[in-house]
Amino acid sequence: MDVPDNQILGMEKKHKLCFRSIQDMIPARAVLYLMSFSGFLVSFMMRTDINIAMVAMAKMRLRSENSSNLTELYCYTSVTNGTQSFEDQKPMEEGEFDWDSTVQSAILGSFYWCYILSQVVGGVLTQRFGTKTVFGFSQLTTAIASLLIPQAASLHFSAVIALRSLQGMASGLTWPAMYALVGIWIPSNERTRFMSSFQGFSFGIGLTYMVCGFIIGNYGWRVVFYMNGSLGVAWCLLWWLLAFDLPHKHPRITRRELNYINANIGENIINTKDLKVPWCSIMTSIPAWSIGITTFGRIWVHYTFIIYGPSYMKTILGFSIQKNGFMNGAPFLCSYLSSVVFCYAADFIIARNLMSLTNVRKMFTAISQVIPGLLVLTIGYLGCQITLILVIWFVAVTLITASYAGAMANVVDIAPNFAGHILAFAQTIHMSASFLSPLAAAIMLQDNPTLERWRRIFAVTACVACGTYVMYQFGGTAKEQVWNNPNRKNNSGSVRVSPENNQLIVNNKTDPERGDG
């Protein structure tokens, strides 16, 4: 029986409407959250896979003249000072390449040499080309380099350093690019919660250590780079289809959501392409310097765990590659959940005016680096009390995520129009800790990983973490800076972008929260 054409058209229209209604149920902001989370997850999988792979790639080099003081087998025996080891006298795993601690440190730190140099470039490129282009090509470059690392390692360690530097240069563009998108897409009352999507990086680190530990133990370290590089390429395809720089350019956003975003992104959010970036004001801003300096301390602590955590668990605790990956990865997997809790707690406190926004940022910043700094100091004095060490390790790593309700969210508070540029400036400062931390550790270890030397590393980490927070305590603020909106005169008037015609709309309203800096 033939179906009339008008009935067929009606059925097709109904199916399209049904599909459209399903699309409308998923806010564009939710899709952006998922892409942000998964983007940082994949980015950090490609960034940190070499930290755990290095345990299998490099041979352990020990100084025979100090053999009486070596503690690389500190917790390897089945009973050491009455404490049972998890490894039951399993032999230390042998690496493939004869790389000393200096070469290993250079490989691990080379990513961050160019990473910090590309921060400001990321802000400039994002302003010109948009987040979609900058973030997407950054990920693609990192993925291709990851696929080439196994061949480079067989060629020469300098080739690995070159590829890691290229990855660092590309990855340095990602954070300023995504921060710039937050001010445009996310209403002010949702920004702290959206910041939890950035914790995809913690999930990525945890997943990398756990999955890669298993893969290396069963299939070899080369498979790790092939897997992560392929994931990076696949993610880029999804990003290109689903991400858009401006809400009103999104083809699938509903009018209701677009109006909501436009009404709540803040009166002083304007089209930054029409603005000259106030670099002089940013670089002389005490709040911006405070964010950069205090976060330097947090990054130092974080990268002590990220980069040298696997080494400590191998040389002191005596974990196998599989157990090493699991124990290093578990805290980072849970870090995402803790970041959501911290961000929601911050929003709860702010919404009910229990504390000022400035004090909320300072409190969570202290939680994220002062407490972990003190906890890491205790790890070196716990000997082979494996359970207690792992508990403290777990707590310290999860507390670090409180920074995304603290100083990291503060970047958007002080100047939402230039959040990407401020982050680029701050990251140029604080990401230097990402290569200074492993460099300092390599100098203190010197191919002689004794427990005493690890205690020195942890002590320096604690001092840096607590010392840098002092700057933020006295110089940090959540007040919007006057240079955020140069179009505003006489402390009144604000500008925002019309979604219909992309024209600037001026609102004459005094902003009592504006501050200097």
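Residues numbered from 1 in each chain as written. Predicted model: local features only at pLDDT ≥ 70, side-chain atom pairs only at ≥ 80, totals over all residues. Heavy atoms only, no water.

1. Topic: the overall build of the protein chain
This is how the line gets drawn: Counting from the N terminus, the helices are the DSSP runs of H or I reaching at least four residues and the strands are the DSSP runs of E reaching at least two. Contacts were defined at the residue level, with two residues in contact if any of their heavy atoms lie within 4.5 Å. Here the accessible surface of atoms and residues is derived via Shrake-Rupley with a 1.4 Å probe, and residues count as covered only by protein chains that are part of the display.
Along the protein chain, the regular secondary structure elements total 20 helices and 6 strands. A separation of at least 24 residues holds for 84% of the contacts in the protein chain among residues at least 6 apart in sequence. Within the structure as shown, the protein chain displays about 21,100 Å² of accessible surface, and the carbon and sulfur contribution to it stands at 63%.

2. Considerations on the packing of aromatic side chains
Let me state the cut-off plainly: In this scheme Phe, Tyr and Trp rings, the latter by its six-membered ring, pair at centre separations within 6.5 Å, and the angle between planes marks the pair as stacked below 30 degrees, edge-to-face above 60, and tilted otherwise. Over a ring means this: the NZ of a Lys or the CZ of an Arg is within 6 Å of the ring centre and within 35 degrees of the ring normal.
Applying the stated rule across the entire model yields 33 aromatic pairs. Consider the rings of Phe40 and Trp175, whose centres lie 4.4 Å apart with planes at 35°: the pair is tilted. One end of the pair, Phe40, is in helix α2 (residues 28–57); the other, Trp175, is in helix α7 (residues 174–185), and 135 residues separate them in sequence. Put simply, the rings of Tyr33, Phe40, Phe44, Phe135, Trp175, Phe194, Phe198, Phe201, Trp235, Trp239 and Tyr404 pair up and form one aromatic cluster. Across from the ring centre of Phe44, 3.8 Å away, lies the NZ or CZ of Arg47, which sits over that ring.

3. Overview of unusual backbone geometry
Of all residues except glycine, most have a negative phi; of all peptide bonds, most are trans. As a reminder, the rule being used: Per-residue accessibility, obtained with a 1.4 Å probe over protein chains only, is compared with the maximum for each type, and a residue is labelled buried under 20%, exposed over 50%, and partly exposed between these values.
A positive phi angle, close to 55°, is found at Asn353, a residue other than glycine. As for its position among the elements, Asn353 is in the loop between α14 (321–351) and α15 (357–379). For Asn353, a relative accessible area of 67% translates into the label exposed.

4. Some words on the pattern of salt bridges
For the record, the criterion: Just to be clear on terms, a salt bridge is a Lys or Arg side-chain nitrogen sitting within 4 Å of an Asp or Glu carboxyl oxygen.
Per the counting criterion, the structure on display carries 4 salt bridges. We note a salt bridge from Glu257 to Arg29, for which the minimum N-O separation is 3.0 Å. One end of the pair, Glu257, is in helix α11 (residues 255–264); the other, Arg29, is in helix α2, with 228 residues separating them in the sequence. Across the pair, exposure class does not vary: Glu257 and Arg29 are buried alike.

5. Description of the environment of Leu399
Examined against the element boundaries, Leu399 turns out to sit in helix α16 (residues 386–399). Here Leu399 falls in the buried class, since its relative accessible area comes to 16%. Separated by 31 residues in sequence, Leu399 and Ser368 have C-alpha atoms that sit 5.2 Å apart. In this view, Leu399 contacts Phe342, Ile367, Ser368, Ile371, Pro372 and Leu375; residues no more than four positions away in its chain are not counted.

6. Overview of the side chain of Gln427
Position of Gln427 among the secondary structure elements: in helix α18 (residues 419–430). Residue classification places Gln427 among the buried residues on the basis of a relative accessible area of 3%. Once residues within four sequence positions are removed from consideration, Gln427 is found in contact with Tyr115, Ile116, Gln119, Trp175 and Ser432.

7. Considering the nonpolar core
In plain terms, the rule: In this description, a nonpolar core means a group of buried Ala, Val, Leu, Ile, Met, Phe, Trp, Tyr and Cys residues linked to one another through side-chain atoms lying within 4.5 Å.
In terms of nonpolar packing, the biggest core is built from 146 residues, with Trp175, Phe198 and Phe305 touching the most fellow members. A total of 18 residues in this core trace back to one element, the largest contributor, which is α2. When near neighbours in sequence (up to four residues on either side) are disregarded, Phe198 contacts Ser36, Phe40, Trp175, Met178, Tyr179, Val182 and Tyr404.

8. Considering α18
Note the following rule: Expected helix span is taken as 1.5 Å per residue step, with the number of steps being one fewer than the number of residues.
With 12 residues, α18 should reach 16 Å at 1.5 Å per residue; the first-to-last C-alpha distance of 16 Å fits that figure. Burial analysis of α18 places 11 of its 12 residues in the buried class, which makes it a mostly covered element. Listing the buried residues of α18 in full gives Ala419, Gly420, His421, Ile422, Leu423, Ala424, Phe425, Ala426, Gln427, Ile429 and His430.

9. Observations regarding the confidence of the model for the protein chain
Worth spelling out the cut-off: The quantity known as pLDDT measures the predictor's confidence residue by residue, on a range of 0 to 100.
Taken as a whole, the protein chain shows an average pLDDT of 79; of its residues, 80% reach a score of 70 or greater. Residue range residues 77–92 is modelled with pLDDT below 50. Its contacts to residues more than four positions away, or to other chains, number 33 contacts. With pLDDT under 50 throughout, residues 489–517 is counted as low confidence; its partners more than four residues away or in other chains account for 76 contacts.

10. Quick notes on the packing of helix α3 (residues 101–117) against helix α6 (residues 157–171)
As a reminder of what qualifies: The convention used is that axes are lines fitted to C-alpha atoms, helices contributing only their stretch in contact, and that angles between N-to-C directions extend from 0 to 180 degrees. Orientation categories follow fixed angle ranges, with anything under 35 degrees roughly parallel, anything over 145 roughly antiparallel, 65 to 115 roughly perpendicular, and all other angles oblique. In this scheme the crossing of two helices becomes right-handed for a clockwise turn of the near helix relative to the far one and left-handed for an anticlockwise turn of less than a right angle. Basically, the charged four are Asp, Glu, Lys and Arg, the nonpolar ten are Ala, Val, Leu, Ile, Met, Phe, Trp, Tyr, Cys and Pro, and anything else, Gly included, counts as polar.
Two elements in contact, α3 and α6, have axes separated by 6 Å at closest approach and are oriented at 30°. Here α6 runs roughly parallel to α3, going by the angle between their axes. Classified by chirality, the crossing of α6 by α3 is right-handed. Across the interface between the two elements, Val103, Ala106, Ile107, Leu108, Ser110, Phe111, Trp113, Cys114 and Tyr115 from α3 touch Phe157, Val160, Ile161, Arg164, Ser165, Gln167, Gly168, Met169 and Ser171 from α6. Considered class by class, the residues forming the contact of α3 with α6 number 12 nonpolar, 5 polar and 1 charged.

11. Some words on the packing of helix α9 (residues 200–219) against helix α10 (residues 222–242)
Remark: α9 packs on α10, axes separated minimally by 8 Å, with the N-to-C direction vectors making an angle of 135°. In terms of orientation, α9 lies oblique with respect to α10. The residues of α10 that touch α9, namely those facing Val211, Cys212, Ile215, Ile216 and Tyr219, are Val223, Val224, Met227 and Asn228. Of the residues belonging to the contact of α9 with α10, the class tally is 8 nonpolar, 1 polar and no charged.

12. A closer look at the side chain of Asn51
By the element assignment, Asn51 lies in helix α2. Other than its neighbours up to four places away in sequence, Asn51 contacts Leu108, Tyr209, Ile306, Ile307 and Pro310.

13. Remarks on the environment of Val341
Among the secondary structure elements, Val341 is positioned in helix α14. Between the C-alpha atom of Val341 and that of Ala405, which follows or precedes it by 64 residues, the distance is 9.6 Å.

14. A closer look at the environment of Ala234
With respect to the secondary-structure elements, Ala234 resides in helix α10. Here Ala234 falls in the partly exposed class, since its relative accessible area comes to 40%. Placed 192 residues apart in sequence, Ala234 and Val42 show a C-alpha to C-alpha distance of 10.0 Å.

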